[in-house]
Amino acid sequence: MTAIHGRFSRSQTIIQNGAEIDCEDKNGNTPLHIAARYGHELLINTLITSGADTANRGVHGMFPLHLAALSGFSDCCRKLLSSGFDIDTPDEFGRTCLHAAAAGGNLECLNLLLNSGADFNKKDKFGRTSLHYAAANCNYQCLFALVGSGASVNDLDERGCTPLHYAAASDTDGKCLEYLLRNDANPGIRDKQGYNAVHYAAAYGHRLCLELVSLFDFLN
């Protein structure tokens, strides 16, 4: 028996002997949160079977599904979804599990959530969609999947920024920015301070992004 199987067996024994399965640590995280964060699928199954609450809020109001999606554990996401958890329930910042998967760059989790009905148009308290998060973190595959599913490339957040603004600020190789441009992202949109994607690329020293936006403007 491996060490991980040994730990799992001990956890089962503790649970079966009446341990409080929804007890919280100092951040409000329950054992289910911790199991989701570290990808312990079998333990998640045991906790849920034993009555653990999948809707308990942990740090920043996140649910276990947020942590599994952020950390990239698709099997854990699948197990948590099967328990009946509302897929679009937000944390205290308005971020859904799809936001978490997009921020973490976890394509398998993101596709699972999309195929399970996650709303890609849902905005957090800052007006950002999952596509904003994918662009801000240069997660090309997630960005590709979201745009392919119909996510709007020109949605504005509360600062007036589109995903293209975020790509221009963070994309060092231009791949995400170019994909957005090829899918009708408007480089002329200005945020509430009057800055467009060119300003962002210049401010962050991303020469390739600057050249791509300039070329796009020239060709159009």
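Refer to the structure above for everything that follows.
Residue positions are given per chain, counting from 1 as you read along its sequence in written order. Only residues with pLDDT of 70 or above have their local features reported here, since the model is predicted, and side-chain atom pairs are shown and tallied only from 80 upward, although totals for entire chains, interfaces and linings are computed over all residues. Excluding hydrogens and water, the side-chain figures rest on all heavy atoms present in the structure.

**Notes on the overall build of the protein**
In step 1: From N to C terminus, the protein includes 13 helices and zero strands.
In step 2: In DSSP terms, a helix is any run of H or I states spanning at least four residues, a strand is any run of E spanning at least two, and both are numbered starting from the N terminus. Beginning at the N terminus, the succession of helices and strands in the protein can be written as α-α-α-α-α-α-α-α-α-α-α-α-α.
In step 3: The cut-offs for exposure are 20% and 50% of the maximum accessible area for each residue type, with area from a 1.4 Å probe on protein chains only; residues under the lower value are buried, those over the upper are exposed, and the others partly exposed. Per-residue burial for the protein yields a buried fraction of 46% across its 220 residues.
In step 4: Taking the contacts inside the protein whose residues are at least 6 apart along the sequence as the reference set, 69% of them involve residues at least 24 apart.
In step 5: Per-residue and other accessible areas follow the Shrake-Rupley method at a 1.4 Å probe size, with only the shown protein chains counted as cover for residues. Within the structure as shown, the protein displays about 10800 Å² of accessible surface, and the carbon and sulfur contribution to it stands at 49%. Should any heavy atoms of two residues lie within 4.5 Å, those residues are considered in contact.

**A few points about the pattern of salt bridges**
In step 1: Take a side-chain nitrogen of Lys or Arg and a carboxyl oxygen of Asp or Glu: if they are within 4 Å of each other, that pair is a salt bridge. Taken as a whole, this structure holds five salt bridges when the rule is applied.
In step 2: Between Asp75 and Arg78 there is a salt bridge, and its shortest N-O distance comes to 2.9 Å. Residue Asp75 and its partner Arg78 are located together in helix H5 (residues 74-81), separated by three residues, close to a single helical turn.
In step 3: With its nearest N and O atoms 2.9 Å apart, the salt bridge here joins Glu178 to Arg182. Here Glu178 and its partner Arg182 are both found in helix H11 (residues 175-182), four residues apart, which amounts to about one turn of the helix.

**A closer look at the packing of aromatic side chains**
In step 1: A pair of Phe, Tyr and Trp rings is counted when the ring centres sit within 6.5 Å of each other, with Trp represented by its six-membered ring. The angle between the planes then sorts it: under 30 degrees is stacked, over 60 is edge-to-face, the rest tilted. What the rule picks out here adds up to five aromatic pairs.
In step 2: Plain terms: the ring middles of Tyr140 and Phe144 are 6.3 Å apart, the flat faces sit at 40° to each other, and that makes the pair tilted. Here Tyr140 pairs with Phe144, and both are found in helix H9 (residues 140-149), just four residues apart, close to one helical turn.
In step 3: Residue Tyr140 is classed as partly exposed on the basis of its relative accessible area, which comes to 24%.
In step 4: Consider the rings of Tyr140 and Tyr179, whose centres lie 5.7 Å apart with planes at 80°: the pair is edge-to-face.

**Observations concerning the state of the cysteines**
In step 1: We call a pair of cysteine sulfur atoms a disulfide whenever their separation is within 2.5 Å. Using the criterion set out here, one finds zero disulfides in the structure.
In step 2: With no disulfide of its own, Cys76 lies 7.1 Å from the sulfur of Cys77, the closest cysteine sulfur.
In step 3: What makes Cys76 buried here is its relative accessible area of 2%.
In step 4: Free cysteine Cys109: the closest other cysteine sulfur is in Cys77, separated by 3.9 Å.

**Considerations on unusual backbone geometry**
The phi angle of most residues is negative, glycine excepted, and most peptide bonds adopt the trans form.
In step 1: You will see that Cys138, though not glycine, has its phi angle at about 55°, which is positive.
In step 2: Tracing the sequence through the fold places Cys138 in the loop between helix H8 (130-136) and H9.
In step 3: For Cys138, a relative accessible area of 27% corresponds to the partly exposed category.
In step 4: You will see that Asp184, though not glycine, has its phi angle at about 75°, which is positive.
In step 5: Turning to its location among the elements, Asp184 is positioned in the loop between H11 and helix H12 (197-203).

**Some remarks on the side chain of Thr162**
In step 1: With respect to the secondary-structure elements, Thr162 resides in the loop between H9 and helix H10 (163-170).
In step 2: Accessibility expressed as a relative area gives 0% for Thr162, which makes it buried.
In step 3: The contact partners of Thr162, leaving out residues within four places of it in the chain, are His132, Val153, Asn154, Asp155, Leu156 and Ile189.

**Here's the deal with the environment of Gly117**
In step 1: Within the secondary structure layout, Gly117 lies in the loop between helix H7 (107-115) and H8.
In step 2: Classification of Gly117 as partly exposed rests on a relative accessible area of 47%.
In step 3: Along the chain, Gly117 and Asp88 lie 29 residues apart, while their C-alpha atoms are 8.7 Å from each other.
In step 4: Contacts of Gly117, omitting those with residues within four sequence positions, involve Ile87 and Asp88.

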